[in-house]
Amino acid sequence: MPASRPALRDHLFDPSGGLVYHLRAARHRHGLWAPFHAQVATWLADWQADQRELVIIGPNAGYALPAGFLARFESVVALEPDPLARWLLARRPDATQLHFDRLNCLSTPDGLARLAERYPHATILFSNVLGQVSAPVDSWAALLSRHLTSHAWASYHDVISTDARPSRIDGCTVTSPENLDATLARFWTGRHITVVDHETFRLNGSGACRYAPWQITRKRWQLVEWAENPLQA
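Residues numbered from 1 in each chain as written. Predicted model: local features only at pLDDT ≥ 70, side-chain atom pairs only at ≥ 80, totals over all residues. Heavy atoms only, no water.

Caption draft 1: Examining the environment of Ala71 more closely. When you line up the elements, Ala71 lands in the loop between strand E2 (53-57) and strand E3 (75-79). Accessibility expressed as a relative area gives 54% for Ala71, which makes it exposed. When the C-alpha positions of Ala71 and Asn229 are compared, they lie 22 Å apart, and in sequence the two are 158 residues distant. (Helix = DSSP H or I, 4+ residues; strand = E, 2+ residues; numbered from the N terminus. Buried < 20%, exposed > 50% of the residue type's maximum accessible area, 1.4 Å probe, protein only.)

This is how it looks when you write it as structure tokens:
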């Protein structure tokens, strides 16, 4: 008899989400967060995603998703554990084709395999979630490569967090392989900084990645990476 599939449990109180995140969004989304959200809008506009079925993992209330984005797809499935976020997301004007699934695809070593099995033809977007949730085994880069090679997917995610203000706040694209220190030096020029490593650097291996700083609070910055696995011909 097959093992039961783990289901998402409701999370309304969480250090990086839940009510704390909703309060931050209410305070900062039209101010501190606006430059980063503009970068996300650019990344999503440039993303050559299949326009039929989208599965979006951890979208919260969709604060970072530009208006009209969900309407690009014929069907949208969201995996989101925050009940308030689900309520808000479902009330977006572009959420007419939105549905929710309770599959918990991030908590077990085979979670992404279960995701791929349930949605074999979907395009998958990880919405700033992989940097917040630790990989259950190995690394997210290894799990993505192991289980989602045949899927078109994209992810924007925290690479590091720091209290140090970057020297550069505009985004950039890195097309050649380089280590984390070299990428950090593009934004914190000539400085040694203390960081929290979210273990999500270069999730698509040697492919091109985009980066942008995000001032999430008055004293806290994150460097966010955009990585993708395009649809294979």
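Caption draft 2: Quick peek at the nonpolar core. One finds Val55, Ile57, Leu106, Leu112, Leu115 and Phe126 to be the most contacted residues of the largest nonpolar core, which totals 35 residues. Residues within four places of Phe126 in sequence aside, it is in contact with Ile57, Leu106, Leu112, Leu115, Leu144, Leu148, Trp153, Ala154, Ser155 and Tyr156. In terms of nonpolar packing, the next biggest core, distinct from the first, is built from 33 residues, Ala25, Val40, Val76 and Ala212 among them. (Core = buried A, V, L, I, M, F, W, Y, C linked by side-chain atoms within 4.5 Å. Contact = heavy atoms within 4.5 Å.)

Caption draft 3: Up close: the side chain of Asn229. By secondary structure assignment, the location of Asn229 is in strand E10 (residues 220-229). Among the polar contacts made by the side chain of Asn229, one reaches the main-chain carbonyl oxygen of Thr149 at a distance of 3.3 Å. Aside from chain neighbours lying at most four places away, what touches Asn229 is Leu148, Thr149, His151, Ala152 and Trp153. (Polar contact = N/O pair within 3.5 Å; in protein donor to acceptor, adjacent residues only side chain to side chain.)

Caption draft 4: Here's a closer look at the pattern of salt bridges. In the structure shown here, the tally under the stated rule is nine salt bridges. Ionic pairing is found between Asp110 and Arg114, a salt bridge with its closest N-O pair at 3.0 Å. The partner of Arg186 in a salt bridge is Glu178, with the nearest N and O atoms 2.9 Å apart. The partly exposed category is assigned to Arg186, whose relative accessible area is 31%. (Salt bridge = Lys/Arg side-chain N within 4 Å of Asp/Glu carboxyl O.)

Caption draft 5: The packing of aromatic side chains, seen in detail. In total, this model carries 11 aromatic pairs according to the counting rule given. Measuring from ring centre to ring centre gives 5.9 Å for Trp47 and Trp226, while their planes differ by 80°; the resulting arrangement is edge-to-face. Here the residue Trp47 occupies a position in the loop between helix H2 (34-46) and E2, and Trp226 occupies one in strand E10, the gap between them amounting to 179 residues. What makes Trp47 buried here is its relative accessible area of 4%. Owing to a relative accessible area of 2%, Trp226 belongs among the buried residues under this scheme. Ring plane angle 20° and centroid distance 6.5 Å describe the contact between Tyr156 and Trp226, whose orientation is recorded as stacked. On the criterion of sequence distance, the pair formed by Tyr156 in strand E6 (residues 153-162) and Trp226 in strand E10 is long-range, its members being 70 residues apart. Linked through ring pairs, Tyr21, Trp33, Phe36, Trp43, Trp47, Tyr63, Tyr156, Trp214 and Trp226 together constitute an aromatic cluster. Stacked on the ring of Phe187, the Lys or Arg Arg168 has its end atom at 5.5 Å from the ring centre. (Phe/Tyr/Trp six-rings, centres within 6.5 Å; stacked < 30°, edge-to-face > 60°. Lys NZ or Arg CZ within 6 Å of the ring centre and 35° of its normal.)

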